[in-house]
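# Breakdown of the fold
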Amino acid sequence: MKKKIIRNPFHSSGPSKRKHAPTSSATAGSTVAKETTSLLPPYPIGSTESGLTAEFVNPASTPAAILKCTACIVLYLCLAVLAFSVVFESWSITDALYYAVVTFTTIGYGDLSPSTTPGKIFAIIFSLFGVTIVGVALGIVGEMVVEAQEEAAAKLKEEGKKRMMAMVKNRKERAKDSDANKPNDEEEKEKTLWDDIVGLIKVDGALLASIVLCAIGIGHFEGWPLIDSLYYCAITTTTIGYGDLSPQGEGTRLFAVFFLPLAVVVLGKVLGGVASVYIDHKTRKAEKDFLNRELTLADLAVMDEDGDGSVQMGEFLSFMLVAMQKVSAEEIQELKELFRSLDADGGGTLQKEDLMILSQRKSNESLGELA
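Residues numbered from 1 in each chain as written. Predicted model: local features only at pLDDT ≥ 70, side-chain atom pairs only at ≥ 80, totals over all residues. Heavy atoms only, no water.

### Considerations on helix H10 (residues 329–342)
Given 3.6 residues per helical turn, the α-helix brings residues three or four places apart onto the same face. In a regular helix each residue adds 1.5 Å, so 14 residues correspond to 20 Å; H10 covers 20 Å between its end C-alpha atoms and thus fits that length. The set of residues buried in H10 consists of Ile332, Lys336 and Phe339. All buried residues of H10 fall inside an arc of 60° around its axis, so they share one side. Turned more than 90 degrees away from the buried face of H10 sit Glu330 and Glu334, all of them exposed. (Helix = DSSP H or I, 4+ residues; strand = E, 2+ residues; numbered from the N terminus. Expected span 1.5 Å × (residues − 1). Buried < 20%, exposed > 50% of the residue type's maximum accessible area, 1.4 Å probe, protein only. Arc of directions from axis to C-beta.)

### Some points on the nonpolar core
Counting residues in each nonpolar core, the largest one holds 42 residues, and the members touching the most others are Phe84, Tyr98, Phe126, Tyr232, Phe259 and Leu260. Mapped onto this core, the elements with two or more residues apiece are helix H2 (63–87), helix H3 (93–104), helix H4 (117–178), helix H5 (193–222), helix H6 (226–237) and helix H7 (250–291). Sort the elements by how many residues they give to this core and H2 lands first, with 9 residues. Not counting the four nearest positions on each side in its chain, Phe259 is found in contact with Ile211, Cys214, Ala215, Ile218 and Tyr232. (Core = buried A, V, L, I, M, F, W, Y, C linked by side-chain atoms within 4.5 Å. Contact = heavy atoms within 4.5 Å.)

### Quick notes on the pattern of salt bridges
Within this structure, the stated rule accounts for 4 salt bridges. Note that Asp111 is salt-bridged to Arg253, the shortest N-O span being 3.4 Å. With Asp111 in the loop between H3 and H4 and Arg253 in helix H7, the pair connects residues that are 142 residues apart, well separated along the chain. We note a salt bridge from Glu337 to Arg340, for which the minimum N-O separation is 3.1 Å. In this pair, Glu337 and Arg340 both sit in helix H10, 3 residues apart, roughly one turn of the helix. (Salt bridge = Lys/Arg side-chain N within 4 Å of Asp/Glu carboxyl O.)

### So, the packing of H6 against H7
Helices that pack against each other are described as a pair by the angle of their axes relative to one another and the distance between those axes. Put simply, H6 and H7 touch, their axes get as near as 9 Å, and they point 75° apart. In this view, H6 runs roughly perpendicular relative to H7, as classed from their interaxial angle. Each of Tyr232, Thr236 and Thr237 in H6 lies in contact with H7, whose residues at this interface are Phe259, Leu260, Ala263, Val264 and Leu267. Tallied by class, the residues present in the contact of H6 with H7 amount to 6 nonpolar, 2 polar and no charged. (Axes fitted to C-alpha atoms, helices over the stretch in contact; angles between N-to-C directions. Parallel < 35°, antiparallel > 145°, perpendicular 65-115°, else oblique. Nonpolar A, V, L, I, M, F, W, Y, C, P; charged D, E, K, R; others polar.)

### Quick look at unusual backbone geometry
Most peptide bonds take the trans configuration, and most residues that are not glycine carry a negative phi. Its identity is not glycine, yet Thr106 carries a phi of approximately 60°, on the positive side. Considering the arrangement of structural elements, one finds Thr106 in the loop between H3 and H4. The partly exposed category is assigned to Thr106, whose relative accessible area is 41%. Despite not being glycine, Thr239 shows a phi value in the positive range, around 60°. Among the secondary structure elements, Thr239 is positioned in the loop between H6 and H7.

### Notes on the environment of Ile216
Within the secondary structure layout, Ile216 lies in helix H5. A relative accessible area of 27% places Ile216 in the partly exposed class. Distance in space between the C-alpha atoms of Ile216 and Tyr232 is 8.8 Å, their sequence separation being 16 residues.

### Describing the packing of aromatic side chains
Under the criterion given, the structure shown has 15 aromatic pairs. Between Phe84 and Tyr99, the aromatic rings sit 4.9 Å apart at their centres with planes inclined by 70°, giving edge-to-face as the arrangement. Placement of Phe84 in helix H2 and of Tyr99 in helix H3 is noted, with a sequence separation of 15 residues between them. Grouping residues by exposure puts Phe84 and Tyr99 together as buried. Centroid distance Phe84 to Phe126: 5.6 Å. Interplanar angle 75°. Geometry classified as edge-to-face. With a gap of 42 residues between them, Phe84 in helix H2 and Phe126 in helix H4 connect regions that are remote in the sequence. The exposure class of Phe84 is buried, given its relative accessible area of 0%. Under the relative-accessibility criterion, Phe126 is labelled buried at 2%. A connected cluster of aromatic rings, assembled from ring pairs, spans Tyr76, Phe84, Phe88, Trp91, Tyr99, Phe104, Phe122, Phe126 and Phe129. (Phe/Tyr/Trp six-rings, centres within 6.5 Å; stacked < 30°, edge-to-face > 60°.)

Listed below in structure tokens is the structure:
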């Protein structure tokens, strides 16, 4: 039976030159059987589950991470209520929650602050903890909320595109023959920076509009003019927080407990997206210019890592990925070291025999520890 081989894309030598001593089929069969039965996890030869080929999951986007972030925020809010409503100050629960949110979002209106010395001492630790730990937790939760909204918008856009394609499909088929001989002078235009920004606004427009409407609602219950409500929205979402306008009513402050974190996260994400769009646009242009360069003998000499006078695909890929700053040279080197550690017999390929050797080593290490 032909062996399945995973070839190393960074290996510079030719095909594997493993040499096996001639053995009879019976001897070979018994040897493989003994080696297979001696296998121990985590290298199961017959396993159908994926290992390195399984999808990489970002720990920050897992349900466990969201649960921890939510617990962290709830604990922070409960601590604020205990400290400022019971121990150090005599604030209402709403004011304590409002103060906690204004603190960890770094808005800092200044309309509510500790008046006792113990309360101020506690606020030093409380604010540092809020800005660091709770701020990170809030960022993770907020990012997932924004991503969910973007996925929903992308799904609607894709469904609309499918409906449009279905409507024009017959028309395209009828026009295919008549347009076959016509030259296509209009080339697909590359997206401009403005196109990217407009696309970003379309995706996040609903969230931005909801933030503005919420700010206008707060202004309505506080009795502010429309311009003051918009001013409050801008000063709050950018975390400037001058303090000349801030919620004073019990109900509006309670609403601000939920509104302020969402508003800060959404605007931060949008402004960060605009910056990313600009950088990505410049990066795409630079990459396009880079890939249009001519290959020279000097380039071949630099790419030829093993000095054999030729550049293999692995050498070309690793050089280009580093040159285009997709990965760092250190990350490429780490992947090479990982491959070498899995290539137990040093043959330059990953085969079933490598897993058997690794499993045997694991078994010997376990026996050594027991001894």
